[in-house]
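# Examination of the molecular architecture
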Amino acid sequence: MARWFARNVLELGRELRLSYLPPLMVYLAAGISGLTGIVGTFFVKEYLGLSAAFLAALGFWAGIPWALKMPVGHLVDLIWRWKAWLVYLGAALITASLAIMVGLIEHTAAMRALMPVPHWFVLSALLAPTGYMVQDAVADAMTVEAVPRIDAEGRPYDAAERKLMHTTMQTLGRVAIIGGSVLVALANVILFQGADSLPQTQKAALYAEIYELALIIPAVSRVRVALAGVPRRRGRARRRAPGRAQV
């Protein structure tokens, strides 16, 4: 079993292409998004004291953005030329959500002066899934664009080869999400080691540190924008080269 697993992982690694990295970075960010889940639970329990009914209702509204993913995906297709800005928009929403939580923990009085703390928490809880949904809709569309149509010699891939590459792309996307989730699980085990015995002030500092660490999530997805231009530049260079096929 272990040998079969290792062989398939190596095979996936050999099939990895540079053009696959942009959507994979967004999927990896989605996997890492669970980093703040445990912290959010403790924060609600120890600082807000919100009722179970209220949290259940909030969970419903936080799921609405994902219910809208299909029409948003169609909108992404219509404005595909602006996809980089959509990734930035999603990253900005995620960053705003995390920044609100950092502010609530480290600058509670200042945040409360502007708006009640539960209202800030609700806003943060709605911004994050909206940002992840926008990025996920873009990433799903990018998986099609990521599969090249021509090889290094400028020859078109046949239908069977392209089907295999699409399958590989989808598999790598799932691997990226699962890999991000595994990293989060390990990080939570390390970060929360001995947290129960900490005084309240140190616990709050730990919670804020985790939310600050989570700011890497929108940063990872923004790396996708930088990587996306590399395959296109290489493709243009191949098409301009003498003797290459024009596609």
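Bear in mind the structure is a predicted one, so any value in this text is a computation, not a measurement.

Looking now at the overall build of the protein chain. Summing up its helical and strand segments, the protein chain has 11 helices and 0 strands in all. Taken from N to C terminus, the helices and strands of the protein chain fall in the order α-α-α-α-α-α-α-α-α-α-α. Relative to its 247 residues, the protein chain shows a buried fraction of 39%. Accessible area for the protein chain stands at about 13900 Å²; split by element, carbon and sulfur atoms hold 67% of it.

Within the secondary structure layout, His166 lies in helix H9 (residues 159-191). We classify His166 as partly exposed; its relative accessible area is 24%. A sequence separation of 18 residues divides His166 from Pro148, and the C-alpha atoms of the two residues are 9.7 Å apart. Each residue touching His166, except ones within four places of it in the same chain, is listed here: Thr143, Val144 and Val147.

This part is about the confidence of the model for the protein chain. Looking at the protein chain as a whole, its pLDDT mean stands at 76, while 80% of the residues score no less than 70. Within the protein chain, the element-level pLDDT minimum falls on helix H1 (residues 2-15), averaging 55, and the maximum on helix H7 (residues 108-114), averaging 88. Across residues 233-247, where pLDDT falls below 50, the model places 12 contacts with residues more than four positions away in sequence or in other chains.

This next bit is on the packing of aromatic side chains. The full count for this structure, using the stated rule, is 2 aromatic pairs. Pairing Trp85 with Tyr88 gives two aromatic rings, centres 5.7 Å apart and planes at 55 degrees, and the pair type is tilted. Here the residue Trp85 and the residue Tyr88 both occupy positions in helix H6 (residues 83-106), the gap between them amounting to 3 residues, near one helical turn. With relative accessibility at 57%, the residue Trp85 sits in the exposed group. The class of Tyr88 is partly exposed, set by a relative accessible area of 34%.

What counts and how
- Chains are numbered independently. Their residues run from 1 in the order of the written sequence.
- Only residues with pLDDT of at least 70 are given local features in this predicted model, and only at 80 or more are side-chain atom pairs given and counted; all residues enter the totals for whole chains, interfaces and linings.
- With hydrogens and water excluded, all non-hydrogen atoms of the structure serve as input to the side-chain values.
- In DSSP terms, a helix is any run of H or I states spanning at least four residues, a strand is any run of E spanning at least two, and both are numbered starting from the N terminus.
- Accessibility here uses a 1.4 Å probe with only protein chains present; expressed as a share of the type maximum, an area under 20% marks a residue as buried, one over 50% as exposed, and anything in between as partly exposed.
- Under the convention used here, a 1.4 Å probe and the Shrake-Rupley method define accessible areas, while residue burial counts only the protein chains that appear.
- Working rule for contacts: check all heavy atoms of both residues, and any pair within 4.5 Å makes them a contact.
- As a per-residue measure, pLDDT tells how confident the predictor is, with possible values from 0 to 100.
- To pair, rings of Phe, Tyr and Trp, with the six-membered ring standing in for Trp, must have centres within 6.5 Å; the planes then decide the type, stacked if under 30 degrees apart, edge-to-face if over 60, and tilted in the middle.

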